[in-house]
Amino acid sequence: MEKIFENFGFDLTEKQTILFEKYYEILSEYNSRFNLTSITEKNEVYLKHFVDSLFGGKFIEGSFIDVGSGGGFPAIPLKILKPELKATLLDATGKKCEFLKTVAKELELKDITVICGRAEELAHDKFYREKFDCATARAVAALPVLTEYCLPFVKKGGKFVAYKGDAAEEIKNSENALKILGGEIERAEKLDLSGNLRTIIVVKKVKETGAEFPRTNARIKKKPL
Ligand code: SAH
């Protein structure tokens, strides 16, 4: 399995390889009891979850919050790649949070906090608002909605890193949301994941987000920015 990482330029230590192996085992075990991911075949998990999650690694430093972490993507692979990161994993589903806590414990990962809650509520808590160097999210919502969930968590000068497929259309549609919420697209890096187009969108937070954002979920869904 190390080969898969090597093929994409990730030179992992033996310890990191073992941690991915353990993560795969726990993921498989839980997945047979409740659905965390529809991807179960080992090569596929390594490629589409592990390698894909690592793609954003070079843009993430310091503290980060992974919004809608689910089975732990991209947060857990990022923590394995860069143990010095301070990670907060947020998910709205209790069972997923229990799983994430188990992974953190079994892999003996340090500086990792799991929070069960909704992004649009937690982002108004002064303990979390504009407190992170970075926010990450993969497969949670379309970019205008996702920006409203994520950017309020990021300090001015920090980044929001969105993991997307073909993102050209979403980038166009998020111009207004970015302007209102205080973000600017710094880069959109296209990557080839064995024939699948992936895009890592790096949004720089250039000004503070207005106190009225994020709005309630009903409002966000009904009237995306
Ligand atoms: N990021 C993971 C999971 C994607 S599934 C991956 O890439 O595989 C989307 C996850 O986001 C679900 O686990 C869901 O519970 C969570 N989620 C969706 N909206 C959310 C919100 N507003 N706040 C917190 N979690 C949310």
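For the structure itself, look to the data block above.
Rules used in this analysis
- Residues numbered from 1 in each chain as written.
- Predicted model: local features only at pLDDT ≥ 70, side-chain atom pairs only at ≥ 80, totals over all residues.
- Heavy atoms only, no water.
- Core = buried A, V, L, I, M, F, W, Y, C linked by side-chain atoms within 4.5 Å.
- Buried < 20%, exposed > 50% of the residue type's maximum accessible area, 1.4 Å probe, protein only.
- Helix = DSSP H or I, 4+ residues; strand = E, 2+ residues; numbered from the N terminus.
- Contact = heavy atoms within 4.5 Å.
- Near = heavy atom within 4 Å.
- 1 Å grid on protein atoms, 1.4 Å probe; cavity = no way out; pocket = protein on both sides within 12 Å on 5 of 7 lines; lining within 4 Å.
- Sits in = over half its atoms within 2 Å of the grid points.
- Nonpolar A, V, L, I, M, F, W, Y, C, P; charged D, E, K, R; others polar.
- Points joined across faces, edges and corners; volume = space filled by probe spheres on them.
- Pairing = 2+ DSSP bridges.
- Axes fitted to C-alpha atoms, helices over the stretch in contact; angles between N-to-C directions.
- Salt bridge = Lys/Arg side-chain N within 4 Å of Asp/Glu carboxyl O.
- Parallel < 35°, antiparallel > 145°, perpendicular 65-115°, else oblique.
- Left-handed = near helix turned anticlockwise from the far one by under 90°.

Caption draft 1: Layout of the nonpolar core. Of all hydrophobic cores here, the largest spans 48 residues; its most connected members are F5, Y23, F50, I76, F99 and L107. Counting residues per element, this core draws most heavily on helix α2 (residues 14-31), at 7 residues. When sequence neighbours within four positions are dropped, the list of residues in contact with Y23 reads F50, G71, G72, F73, I76, P77, I80, F99, V103 and L107. Within the second largest apolar cluster, 31 residues are counted, among which are V67, I115, A123 and A141.

Caption draft 2: Just the site of the ligand, in detail. Taken together, 16 residues surround the ligand, and among them G68, F73, D91, E120 and R138 come closest. Put simply, the ligand lies in the largest pocket. When its residues are assigned to classes, the shell around the ligand shows 6 nonpolar, 5 polar and 5 charged.

Caption draft 3: Geometry of the layout of surface pockets. Reported here for the largest pocket is a volume of approximately 380 Å³. If you trace the largest pocket, you find 22 residues lining it, with G68, S69, D91, A139 and V140 closest to the centre. When residues of the lining of the largest pocket are traced back to their parent elements, those giving at least two are β2 (86-91) and α6 (119-122). Residues belonging to the lining of the largest pocket are distributed by class as follows: 10 nonpolar, 7 polar and 5 charged. What lines the second largest pocket is K15, Q16, L19, K22, K79, I80, P83, E106, L107, E108, L109 and K110. Going through the elements one at a time, α2 and α4 (75-81) are the ones with two or more residues in the lining of the second largest pocket. At 4 residues, the largest contribution of residues to the lining of the second largest pocket is made by α2. For the lining of the second largest pocket, the class distribution of residues is 5 nonpolar, 1 polar and 6 charged.

Caption draft 4: Quick peek at the sheet that holds strand β3 (residues 112-116). Pairing in this open sheet of 7 strands is mixed, and the strands run β3-β2-β1-β4-β5-β7-β6 from one edge to the other. Either end of the sheet is taken by a strand with one partner, and the two such strands are β3 and β6 (183-193). Each adjacent strand pair in this sheet contributes to an overall mean axis angle of 20°, direction not counted. Two elements, strand β4 (residues 132-138) and strand β5 (residues 154-164), share 6 bridges in a ladder whose sense is parallel. Across the sheet, the residue bridging to T136 is V161, located in β5.

Caption draft 5: Focus on the pattern of salt bridges. In total, this model carries 17 salt bridges according to the counting rule given. With its nearest N and O atoms 3.6 Å apart, the salt bridge here joins E61 to K82. Residue E61 is located in the loop between α3 (42-54) and β1 (63-67), and its partner K82 is located in the loop between α4 and β2; the two are separated by 21 residues in the primary sequence. Each of D52, R138 and R198 takes part in salt bridges that share partners, so that together they form one network.

Caption draft 6: Geometry of the packing of α2 against helix α5 (residues 94-106). Contact geometry for α2 and α5: axes closest at 10 Å, N-to-C directions at 150°. Between α2 and α5, the crossing angle belongs to the class labelled roughly antiparallel. For α2 against α5, the interelement crossing comes out right-handed. Between α2 and α5, the contacting residues are K22, Y23, I26, L27 and Y30 on the first element and F99, T102, V103 and E106 on the second. A breakdown of the residues in the contact of α2 with α5 according to their chemical character gives 6 nonpolar, 1 polar and 2 charged.

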